[in-house]
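Each chain, written out:
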Amino acid sequence: IDPELRIDEVNDAFDLDLESENYDSIGGWVMEQLERLPVEGDEVKRGKTLFIVKKMDKRKIENLDLILLEDQEEKEWEITLFCGKNFFDLENYYW
């Protein structure tokens, strides 16, 4: 996501309740949570939401990933199911 998006826009788009008294942007919120300048790969987890700093430009976050973990857990479960004991016996799977 664009780290310059306002926190309230991110809250509305993803049904979140993030708040900051010091920053308006989601990138600023991430820096506030880290309590330092981020480096690429830094993660901030709040509830079922994970923010990952993907790209930095000096002191500014250029690219930020937002992952809704409940969706990710479902995908991991599907992968585990698919890669289970009957992996090579796909014709017996009924989706």
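Cut-offs used in this document
- Residues numbered from 1 in each chain as written.
- Predicted model: local features only at pLDDT ≥ 70, side-chain atom pairs only at ≥ 80, totals over all residues.
- Heavy atoms only, no water.
- Pairing = 2+ DSSP bridges.
- Helix = DSSP H or I, 4+ residues; strand = E, 2+ residues; numbered from the N terminus.
- Axes fitted to C-alpha atoms, helices over the stretch in contact; angles between N-to-C directions.
- Contact = heavy atoms within 4.5 Å.
- Buried < 20%, exposed > 50% of the residue type's maximum accessible area, 1.4 Å probe, protein only.
- Core = buried A, V, L, I, M, F, W, Y, C linked by side-chain atoms within 4.5 Å.
- Polar contact = N/O pair within 3.5 Å; in protein donor to acceptor, adjacent residues only side chain to side chain.

Q: Could you give an account of the sheet that holds strand β1 (residues 43-46), with specific residues and numbers?
A: An order of β1-β2-β3 is seen for the three strands of this open sheet, with the pairing classed as antiparallel. Here the strands that pair on one side only, and so sit at the sheet edges, are β1 and β3 (60-68). Averaged over all adjacent pairs, the angle separating strand axes in this sheet is 20°, with direction ignored. In terms of strand pairing, β1 meets strand β2 (residues 49-57) through four bridges, oriented antiparallel. Within β2, the residue paired with Val44 across the bridge is Phe51. Packing against the sheet, helix α2 (residues 26-34) makes contact with β1, β2 and β3, and its axis sits at approximately 90° to β1.

Q: Give a description of the pairing of β3 that names residues and reports values.
A: Strand direction decides the pairing type here: β2 and β3, joined by eight bridges, are antiparallel. Looking at β3, one finds that Asp57 is bridged to Lys60. Hairpin connection of β2 to β3: two residues between the antiparallel strands, including Lys58 at a positive phi of 60°.

Q: Before we move on, can you summarise unusual backbone geometry with the specific residues and values?
A: Despite not being glycine, Asp15 shows a phi value in the positive range, around 55°. Within the secondary structure, Asp15 sits in the loop between α1 (7-14) and α2. Overall, the relative accessible area of 72% leaves Asp15 in the exposed class. Backbone geometry places Glu35, a non-glycine residue, at a positive phi of 60°. Its place among the elements puts Glu35 in the loop between α2 and β1.

Q: Any chance you could break down the nonpolar core for me, citing the residues and the numbers?
A: Counting 16 residues, the largest nonpolar core has Leu18, Ile26, Trp29, Val30, Phe51, Ile61 and Leu64 as its most contacted members. Among the secondary structure elements, those contributing two or more residues to this core are α1, α2, β2 and β3. For this core, the leading source of residues is α2, giving five residues.

Q: Which residues make up the side chain of Asp42, and what are the values?
A: Mapping Asp42 onto the fold places it in the loop between α2 and β1. In this structure the side chain of Asp42 is engaged in a polar contact, spanning 2.7 Å, whose partner is the side chain of Arg36. Of note is the side chain of Asp42, whose polar atom sits 2.9 Å from the backbone nitrogen of Val39. Aside from chain neighbours lying at most four places away, what touches Asp42 is Leu34, Arg36, Leu37, Phe51, Ile52 and Val53.

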